[in-house]
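Structure at a glance
Below are the chains, spelled out letter by letter.
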Amino acid sequence: MQIISEYSVVIIGVLGALAFMVSLITELLKDMPGIKKVPTKAFVILVSLIVTVAALLIYVAYARVMLLWYYVVLAVFAAFVVAYIAMYGWDTLKEIKDRFIK
């Protein structure tokens, strides 16, 4: 049971860090000429896919773990969670803050 709680904290931290990176990259690049025409939510999903799979590849290289095909599949699924957090996380946090702090 302790192992599950330790890994859940790490997973939540990694998802938060990846979502922050996706938000930052999106804010920096969304006003560029070619990207301005792409819907922001689609761009967030694309950036999330790239960042999440790149983070997996960096971790695999760092930890010297063999890359298995289902790691990539899980990273793609995680990318959608990261994109959701990046798109709606700040708005939800601001809404909660406005509701309770006046």
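You'll find the structure just up there.
Residues numbered from 1 in each chain as written. Predicted model: local features only at pLDDT ≥ 70, side-chain atom pairs only at ≥ 80, totals over all residues. Heavy atoms only, no water.

**Quick notes on the side chain of serine 48**
Secondary-structure assignment places serine 48 in helix 2 (residues 40-63). By relative accessible area, serine 48 is classed as buried at 0%. If we ignore the near neighbours within four places in the chain, the residues touching serine 48 are Val22, Ala79, Val82 and Ala83. (Helix = DSSP H or I, 4+ residues; strand = E, 2+ residues; numbered from the N terminus. Buried < 20%, exposed > 50% of the residue type's maximum accessible area, 1.4 Å probe, protein only. Contact = heavy atoms within 4.5 Å.)

**Some thoughts on the side chain of threonine 26**
Residue position: threonine 26 is located in helix 1 (residues 2-29). Looking at threonine 26, the relative accessible area reads 4%, which means it is buried. Within the structure, threonine 26 has its side chain in polar contact with the backbone oxygen of valine 22 (distance 2.7 Å). Not counting residues up to four positions away in its chain, the partners in contact with threonine 26 are Thr40, Phe43, Val44 and Val47. (Polar contact = N/O pair within 3.5 Å; in protein donor to acceptor, adjacent residues only side chain to side chain.)

**Comments concerning helix 1**
Between the first and last C-alpha of helix 1 there are 41 Å, a value that for 28 residues agrees with the 40 Å anticipated at 1.5 Å per step. Along helix 1, the residues classified as buried are Leu15, Leu18, Ala19, Val22, Ser23 and Thr26. Next to the buried residues of helix 1 lie helix 2 and helix 3 (69-100). (Expected span 1.5 Å × (residues − 1).)

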